[in-house]
Amino acid sequence: MRRRKFIEHVGWTGLGILWVVGENGLLVSCSVKDSQGKKLANSAPLSFVQISDTHLGFNKEANPHVTATLQQTINAINSLSTPPAFIVHTGDITHLSKPEEFDTAKQFLSQLKAPLFTLPGEHDTIGDRGKAYGEAFSQKDKREGLQIWDYNGVHLISLTNVLEFGETGQGKLGQAQLDLLEKDLAAQKQDTPIVIFSHIPLYNLYPQWGWATADSGKVLSLLSRFSSVTVLSGHIHQVIQHSEGNIRFSTAASVSYPLPAPGKAEKPAPVKLPEKDLLAVLGFRTLEFIPGNDVKIDQHSLA
């Protein structure tokens, strides 16, 4: 089998992440900004955009203009030369689950030209276990918080793991959702590419800060037989990648404000940076993978 050289762009420019499913069934990511004017995905069976943690209603020093950042994101996505098949927002659409925040979210997100899938973050379920979120964003295709769809041979699953966050301090799926997931995955072929979306990461990234899902072990066991699995999450406001066997995990940076790296602060509170430093972290990196050789990594900032 001929080995393929490929470029993987992983990062965030404040504009979101474009995910492309390649010929081998694995997802390759690139910054939305980096794809402007380039048809990076036109030969792929699937390309889509992930955004996360818009926190509409947040107005503290870390970013008092979250609507402006979201508008910039929307403009960039709508300008992609190859339109995405769909867009997934991986939660914390709002900051405090207020009706006016959901109204603002619908107003802005309705500008997106591609179909939008959403899942709630814990900030979208404050006080009502997601009732206001469910009224704002359609739940008609969801059962027990789980949504399933297929696109060009790729099997996609959106999970809800935030409803018990206030009680557990971590994510939790619950047995009803796990049962539905098990039934669905049992019907899939081993070589079917699987993509899982969750708000809170599905592995123990940093449990001390709630960056874990208490019952994720069952999910990972169900996924272990598949040859290509990608799990995309939000919640931690930064890009961290991790692999366990055939399962690749990647969190997304926020569209609102940064959070500290795991263990680098007393708690995961919004980070206020000087403008020049903020621009420096709102960047992206390029990774060039050449089988049999080293990995070339170039970091690009907006400073």
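Before reading on, note that the structure itself is shown above.
The sections below set out a description of the structure shown in this document. From a predicted model like this one, the values you see are computed outputs, not experimental measurements.

Cut-offs and rules
- Residues numbered from 1 in each chain as written.
- Predicted model: local features only at pLDDT ≥ 70, side-chain atom pairs only at ≥ 80, totals over all residues.
- Heavy atoms only, no water.
- Helix = DSSP H or I, 4+ residues; strand = E, 2+ residues; numbered from the N terminus.
- Buried < 20%, exposed > 50% of the residue type's maximum accessible area, 1.4 Å probe, protein only.
- Contact = heavy atoms within 4.5 Å.
- Areas by Shrake-Rupley, 256 points an atom, 1.4 Å probe, with all protein chains shown as cover.
- Pairing = 2+ DSSP bridges.
- Right-handed = clockwise from strand over helix to strand, strands pointing away.
- Polar contact = N/O pair within 3.5 Å; in protein donor to acceptor, adjacent residues only side chain to side chain.
- Axes fitted to C-alpha atoms, helices over the stretch in contact; angles between N-to-C directions.
- Salt bridge = Lys/Arg side-chain N within 4 Å of Asp/Glu carboxyl O.

## Some remarks on the overall build of the chain
Helix and strand content of the chain: seven helices and 14 strands. Residues counted as buried form 53% of the 303 residues belonging to the chain. The long-range share in the chain, meaning contacts at least 24 apart out of those at least 6 apart in sequence, stands at 68%. Accessible surface computed for the chain: about 13900 Å², of which carbon and sulfur atoms make up 50%.

## A closer look at the pairing of strand β4 (residues 46–51)
In terms of burial, β4 is a largely internal element, six of the six residues being buried. Neither face of β4 is open: one carries L46, F48 and Q50, the other S47, V49 and I51, and all of them are buried. Bridge count between β4 and strand β5 (residues 87–89): three bridges; the pairing is parallel. Across the sheet, the residue bridging to I51 is H89, located in β5. The parallel pair β4 and β5, bridged by helix α1 (residues 66–78), forms a crossover whose chirality is right-handed.

## Looking at the environment of N63
Within the secondary structure, N63 sits in the loop between β4 and α1. With a relative accessible area of 12%, N63 lands in the buried category. Taking the C-alpha atoms as reference, N63 lies 9.1 Å from V271; in sequence the two are 208 residues apart. For N63, the residues in contact, after removing those within four places along its chain, are F58, T69, V255, S256 and Y257. A distance of 2.9 Å separates a polar atom in the side chain of N63 from the backbone nitrogen of H65.

## Some details on the side chain of Q188
In this structure, Q188 sits in the loop between α5 (175–186) and β9 (194–198). Those residues within four positions of Q188 in sequence are excluded, and the remaining contacts are H155, R225 and F226.

## A short note on the sheet that holds strand β10 (residues 229–233)
Ordered by their spatial adjacency, six strands build an open sheet running β7-β8-β9-β10-β12-β11, and the pairing between neighbours is mixed. Each edge of the open sheet is held by one strand with a lone partner, namely β7 (147–151) and β11 (241–244). On average, adjacent strands in this sheet sit at an angle of 20° to one another, irrespective of strand direction. The strands touched by α5 within the sheet are β7, β8 (154–158) and β9, with β8 carrying the most contacts at an inclination of about 180°. In this fold helix α6 (residues 216–223) packs onto β9, β10, β11 and β12 (247–251), with an angle of close to 135° to the strand it touches most, β12.

## Describing the pattern of salt bridges
Overall, the coordinates contain three salt bridges when judged by the stated rule. Here E164 and R129 are joined by a salt bridge, their closest N and O atoms 3.1 Å apart. Note that E164 is positioned in the loop between β8 and α4 (165–168) and R129 in the loop between β6 (116–118) and α3 (131–136), a separation of 35 residues in sequence. For E164, a relative accessible area of 21% gives the class partly exposed. Take R129: its relative accessible area is 48%, and that puts it in the partly exposed class.

## With respect to the pairing of β7
Two strands pair when backbone bridges link them, and β7 and β8 are joined in this way by five bridges, in the antiparallel orientation. By the bridge assignment for β8, I148 is matched with I157. The turn joining β7 and β8, which pair antiparallel and follow one another in sequence, is formed by two residues; a positive phi near 50° is taken by N152.

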